Amino acid sequence: MARFISTKLFENYSVAIRQYKAAHSHCQLLHGYALKFKVWFASNELLEENQLDDMNWIVDYGGFKDAPKGNGLKAWMDHMWDHTTLIQADDPYRDMFEALQAYGLAKVHFLEKMGAESNAKLVFEHFNEILSKTDGGRCKVIKVECFENDNNSSIYEE
């Protein structure tokens, strides 16, 4: 079955990360990345002639803007990944990161799991939750790739 697929690259997200479970590696230390995410979109329609909207698009990239003109996905990406500190929720030094946030020294997100794989899954699930409620649920995300840098990335797909 043939189908249309489109992609969108969200990039230049400066983050600090600590993966405390990587005790064998320098990744246990607080370190930085310029994350980027490549998101693949497809229609929920099976027939090729029904896969594109009235503008002949799978997804309107301009629709990622804030409401009322958009669905707010770009703002969510900025909130989650732009100048943030990403820490696994069960990090034994969580209280220190909470203190940094309380003093206004860091914007911290505590994630259930820490890593590019989990970040890709988080974006995949959030985008699909929002897309299922907008534009009649006409399209979906089928794959997300999270790049730590140009050499390392992880993918989550349906």
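Remember, predicted model here, so these are calculated numbers, not experimental data.

Asks: Quick question: what am I supposed to make of the nonpolar core here?
Replies: Taken as a class, soluble globular proteins show a tendency for nonpolar side chains to be buried jointly. Residues L35, F37, F41, M77, W81, V123 and F127 are the most contacted members of the largest nonpolar core, which totals 31 residues. The element that contributes the greatest number of residues to this core is helix 3 (residues 116–131), accounting for seven residues. Ignoring sequence-local partners within four residues, the contact set of F37 consists of K8, L9, F10, Y13, M77, W81, N119, A120, V123, V144, E145 and C146.

Asks: What am I meant to see in the pattern of salt bridges here?
Replies: Close approach of charged atoms allows side chains with opposite charge to pair. One pass over the structure, following the stated rule, counts nine salt bridges. Put simply, D91 and R18 hold a salt bridge, and the shortest N to O gap is 2.8 Å. Of the two residues, D91 is situated in the loop between strand 3 (84–88) and helix 2 (94–102) and R18 in strand 1 (residues 5–18); the sequence distance between them amounts to 73 residues. Note on accessibility: D91 and R18 belong to one class, buried. K74 is paired through a salt bridge with D78; the nearest N and O atoms lie 2.7 Å apart. Taken together, the positions of K74 and D78, both in helix 1 (residues 73–81) and four residues apart, correspond to about one turn of that helix. Residue class for K74 comes out partly exposed when judged on its relative accessible area of 35%.

Asks: I keep staring at the packing of aromatic side chains and nothing clicks. Help me out?
Replies: Scanning the entire structure with this criterion turns up nine aromatic pairs. Aromatic pair F37 and W81: ring centres 4.9 Å apart, planes at 40°, arrangement tilted. Here F37 is found in strand 2 (residues 31–43), whereas its partner W81 is found in helix 1, with 44 residues between them in sequence. No difference in accessibility class separates F37 from W81, as the two residues are buried. Within the aromatic cluster, the residues linked to one another by ring pairs are F10, F41, Y61, F64 and F127. The ring of F10 is capped by K8, whose NZ or CZ atom sits 5.8 Å from the centre of that ring. Its guanidinium or amino end placed over the ring of F110, R94 lies 3.9 Å from that ring's centre, counting from NZ or CZ.

The rules behind the values
Residues numbered from 1 in each chain as written. Predicted model: local features only at pLDDT ≥ 70, side-chain atom pairs only at ≥ 80, totals over all residues. Heavy atoms only, no water. Core = buried A, V, L, I, M, F, W, Y, C linked by side-chain atoms within 4.5 Å. Buried < 20%, exposed > 50% of the residue type's maximum accessible area, 1.4 Å probe, protein only. Helix = DSSP H or I, 4+ residues; strand = E, 2+ residues; numbered from the N terminus. Contact = heavy atoms within 4.5 Å. Salt bridge = Lys/Arg side-chain N within 4 Å of Asp/Glu carboxyl O. Phe/Tyr/Trp six-rings, centres within 6.5 Å; stacked < 30°, edge-to-face > 60°. Lys NZ or Arg CZ within 6 Å of the ring centre and 35° of its normal.

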